[in-house]
Amino acid sequence: QVQVVESGGGLVQAGGSLRLSCTASGRTFTDYAMGWFRQTPGQEREFVAAISRSGSNTEYAGSVKGRFTISRDNAKNTVYLQMNSLKPEDTAVYYCGATSASISRYYTRLASYNYWGQGTQVTVSS
């Protein structure tokens, strides 16, 4: 079992920044690649960003590339999502997930993730 907890969501104006944190416990953190997904009412959960076990490989959705940065601190069992130049369309509940997949093409797939956090709300006002 892995417990995943997100934090850092909130309300921010368009053009502003927010940093989300995700802490995992229960297993060796480096056994998992980590990903961020987001979801709005009536929509499927959407891939945002992912990072490999070592942190050497990252992937981003085209809609956030250049604005968002994913990173991880394995000593703290924590993954971060730094969100800059936020837009109203970034408004969503953001979820952190852990996957045992080790091939990067699987990181964007919702079904690849074994564990999920409870989500944290991000609201971007115009």
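Before reading on, note that the structure itself is shown above.
Conventions adopted
- Residues numbered from 1 in each chain as written.
- Predicted model: local features only at pLDDT ≥ 70, side-chain atom pairs only at ≥ 80, totals over all residues.
- Heavy atoms only, no water.
- Helix = DSSP H or I, 4+ residues; strand = E, 2+ residues; numbered from the N terminus.
- Buried < 20%, exposed > 50% of the residue type's maximum accessible area, 1.4 Å probe, protein only.
- Polar contact = N/O pair within 3.5 Å; in protein donor to acceptor, adjacent residues only side chain to side chain.
- Contact = heavy atoms within 4.5 Å.

A.B. asks: Hey, could you run me through the side chain of Ser112 in this one?
C.D. replies: For Ser112, the location among the structural elements is in the loop between strand E9 (92–99) and strand E10 (115–116). Of the residues examined, Ser112 reaches a relative accessible area of 15% and is grouped as buried. For Ser112, the side chain forms a polar contact with the main-chain oxygen of Tyr106, separated by 2.7 Å. Among residues more than four places away in sequence, those in contact with Ser112 are Thr99 and Tyr106.

A.B. asks: Explain the environment of Asn74 to me, please; I cannot follow it from the model alone.
C.D. replies: The residue Asn74 is located in the loop between strand E7 (68–73) and strand E8 (78–83) in this model. Judged by its relative accessible area of 26%, Asn74 falls in the partly exposed class. Note: C-alpha distance between Asn74 and Thr30 (44 residues apart in sequence) is 6.7 Å. When sequence neighbours within four positions are dropped, the list of residues in contact with Asn74 reads Phe29, Thr30, Arg53 and Ser54. Of the polar contacts made by the side chain of Asn74, one reaches the backbone oxygen of Arg53; its length is 3.4 Å.

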